[in-house]
Amino acid sequence: MPERSSGTTSTHSPGPHSPALHATGPAGLATAAQSATPTAVIGQPRRAAPPRAPGRRPLSLPAGLLRTARPRQWVKNVLVLAAPAAAGELASAHAVARLALVFVLFTAAASAVYLINDARDADADRAHPVKCRRPVAAGEVPVPVAYAAGALLAVLAATAAALLCDPMTAALLTAYVVMQLAYCVWLKHILVVDLVVVTTGFLMRAMIGGVALQIPLSRWFLITAGFGALFMVAAKRYSEAVQMAARPEKRGATRALLDEYTTGYLRFVWQLAAGVAVLGYCLWALESGGTANGSLLPWRQLSMVAFILSVLRYAVFADRGTAGAPEDVVLRDRGLAVIGLVWVAMYGLAVADL
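None of the values given here were measured: they were computed from a predicted structure.

S.K.: Got a minute to help me understand the overall build of the protein in this structure?
M.R.: What the protein contains, in helices and strands, is 14 helices and 0 strands. Secondary structure elements of the protein occur, N-terminal to C-terminal, as α-α-α-α-α-α-α-α-α-α-α-α-α-α. Evaluated residue by residue, the protein yields a buried proportion of 38% over its 354 residues. If you take every contact in the protein between residues at least 6 apart in sequence, the share linking residues at least 24 apart comes to 69%.

Structure below.
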């Protein structure tokens, strides 16, 4: 390293830093300071950025847990009203209070499953282009915290059902939790069984309201609800398979089991399920005969038209490969929403005998 002297210059050959090193006096010091300033300015933010990561907002963890519980998915639990509404048992305050309790318990049970599922799939979700934004995969919610919150919710939901509801309702809710946890760990990797388990989850939602109020469930109601759910589940899987086939580079970024299905098979499943659901509903609507039974018009039988139109409308999105989550399809398509409201109105008039 060259010696600095106020009266002599270095005998070494000048290098790239020689002006700053060999300059003397205040001008030389200013030049050296100016040459160092950009490095300091550029480097300072990089050194200051990492400390921001550990600091979290006070409510970031509770907000992350709430997002992991999938509030948008809670709309599915409105199906607990299906059997009581079909039987016309929503008029009493006791029935409404009991169904509100069942809705809360089922929502807690479903949220527990989502928390445990995201904790278990955190590593795989980080490699997914969309699921990487989930709170557990993104690091907003630690994996142990998600496991603990899910386990606590599952235990509380089952215990509350046992204490506040009848044994059949508690057994059905507990069976749902056990089945869904088995799905997260094992069953979602088995062909066809994964479709059956997800479909059964929808069917349990439709059943539990009637079970809680001790309403006999029509066989045609169960067939319609079961195959209607299978139609929507298979349509979603078909859409995922179509999108994956269109973008081979994304293979493996969605459900791993989709590699085992063919689009032809999934199309067959949703078409078969749609046909059985329509047939089951028609037989259910005609079960009491084709007369008006005191009503102005035979609303129950006329509601078949709206039901069939809703299935046909939903099938448009399935055929295009754009049928995502059922709640998204129903809430985003205005035409389908209008047809659904017409169907609800017709069936309501049939229940009210107007």
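S.K.: Explain the side chain of T107 here, please?
M.R.: Note on placement: T107 falls in helix α5 (residues 93-120). For T107, a relative accessible area of 8% translates into the label buried. Those residues within four positions of T107 in sequence are excluded, and the remaining contacts are W74 and N77.

S.K.: Is there a simple way to explain the nonpolar core in this structure?
M.R.: Within soluble globular proteins, side chains that are nonpolar tend to cluster in buried spots. In terms of nonpolar packing, the biggest core is built from 40 residues, with F231, L266, W270, Y281, W284 and Y314 touching the most fellow members. Residue assignment for this core shows that the elements contributing at least two residues are α4 (82-87), α9 (193-212), α10 (219-246), α11 (263-285), α12 (299-320) and α14 (334-352). At 11 residues, α10 tops the list of elements feeding residues into this core. With 27 residues, the next largest nonpolar core counts V102, L105, A109 and A160 among its residues.

S.K.: For this particular structure, what's the right way to read the environment of W284?
M.R.: The residue W284 is located in helix α11 in this model. Sequence-wise, W284 and M304 are 20 residues apart; in three dimensions their C-alpha atoms are separated by 9.6 Å. Excluding its chain neighbours within four sequence positions, the residues that come into contact with W284 are A86, S218, W220, F221, T224, R300 and Y347.

S.K.: Explanation requested: the packing of aromatic side chains in the structure shown.
M.R.: The description of an aromatic ring pair rests on the distance of the ring centres and on the angle between the ring planes. Following the criterion strictly, the structure yields 11 aromatic pairs and no others. Ring centres of F231 and W270 lie 6.1 Å apart, and the angle between their planes is 45 degrees; this geometry places the pair in the tilted category. Pair noted here: F231 is in helix α10 and W270 is in helix α11, with a separation of 39 residues, a long-range link. This pair shows no difference in class: F231 is buried, exactly as W270 is. Ring geometry for Y261 versus Y265: centroids 5.9 Å apart, planes at 10 degrees, classification stacked. The class of Y261 is buried, set by a relative accessible area of 9%. Taken together through their ring pairs, the aromatic side chains of F221, Y281, W284, F307, W343 and Y347 make up a single cluster. Looking at R205, its charged tip hangs above the ring of F202, at a distance of 5.5 Å from the centre. Stacked on the ring of F317, the Lys or Arg R320 has its end atom at 5.9 Å from the ring centre.

S.K.: For this particular structure, what's the right way to read helix α3 (residues 60-68)?
M.R.: Each α-helix turn comprises 3.6 residues. Residues three or four places apart therefore point the same way. Within the span of α3, buried status applies to S60, G64 and T68. Along the long axis of α3, the arc covered by the buried residues comes to 70 degrees, so they all point the same way. Remark: R70 follows α3 within two positions and exhibits a positive phi of approximately 60 degrees.

S.K.: I tried to follow the environment of A160 on my own but got confused; where do I start?
M.R.: Positionally, A160 belongs in helix α7 (residues 143-164). As for A160 and L101, which are separated by 59 residues in sequence, their C-alpha atoms are 9.6 Å apart. The contact partners of A160, leaving out residues within four places of it in the chain, are L105 and C165.

S.K.: What's the story with the pattern of salt bridges in this structure? I'm lost.
M.R.: Where charged atoms from two side chains of opposite charge approach closely, those side chains can pair. Under the definition given, this model contains 11 salt bridges. For the salt bridge of D194 with R237, the shortest nitrogen-to-oxygen distance reads 3.7 Å. With D194 in helix α9 and R237 in helix α10, the pair connects residues that are 43 residues apart, well separated along the chain. Note that R267 and D319 form a salt bridge whose closest N and O atoms lie 2.8 Å from each other. Of this pair, R267 sits in helix α11 while D319 sits in helix α12; the two residues are 52 residues apart in sequence, bridging distant segments of the chain. The partly exposed category is assigned to R267, whose relative accessible area is 24%. One network of salt bridges, with partners in common, ties together R70, D118, D125 and R134.

S.K.: Is there a simple way to think about unusual backbone geometry in this case?
M.R.: Trans peptide bonds make up most of the peptide bonds, and negative phi angles are found at most residues other than glycine. Positive phi outside glycine occurs at R70, with the angle close to 60 degrees. Its place among the elements puts R70 in the loop between α3 and α4. According to the relative accessible area criterion, R70 is buried, its value standing at 15%. Phi angles above zero are rare outside glycine, and V192 is one such case at about 70 degrees.

Calculation notes
- Residues numbered from 1 in each chain as written.
- Predicted model: local features only at pLDDT ≥ 70, side-chain atom pairs only at ≥ 80, totals over all residues.
- Heavy atoms only, no water.
- Helix = DSSP H or I, 4+ residues; strand = E, 2+ residues; numbered from the N terminus.
- Buried < 20%, exposed > 50% of the residue type's maximum accessible area, 1.4 Å probe, protein only.
- Contact = heavy atoms within 4.5 Å.
- Core = buried A, V, L, I, M, F, W, Y, C linked by side-chain atoms within 4.5 Å.
- Phe/Tyr/Trp six-rings, centres within 6.5 Å; stacked < 30°, edge-to-face > 60°.
- Lys NZ or Arg CZ within 6 Å of the ring centre and 35° of its normal.
- Arc of directions from axis to C-beta.
- Salt bridge = Lys/Arg side-chain N within 4 Å of Asp/Glu carboxyl O.

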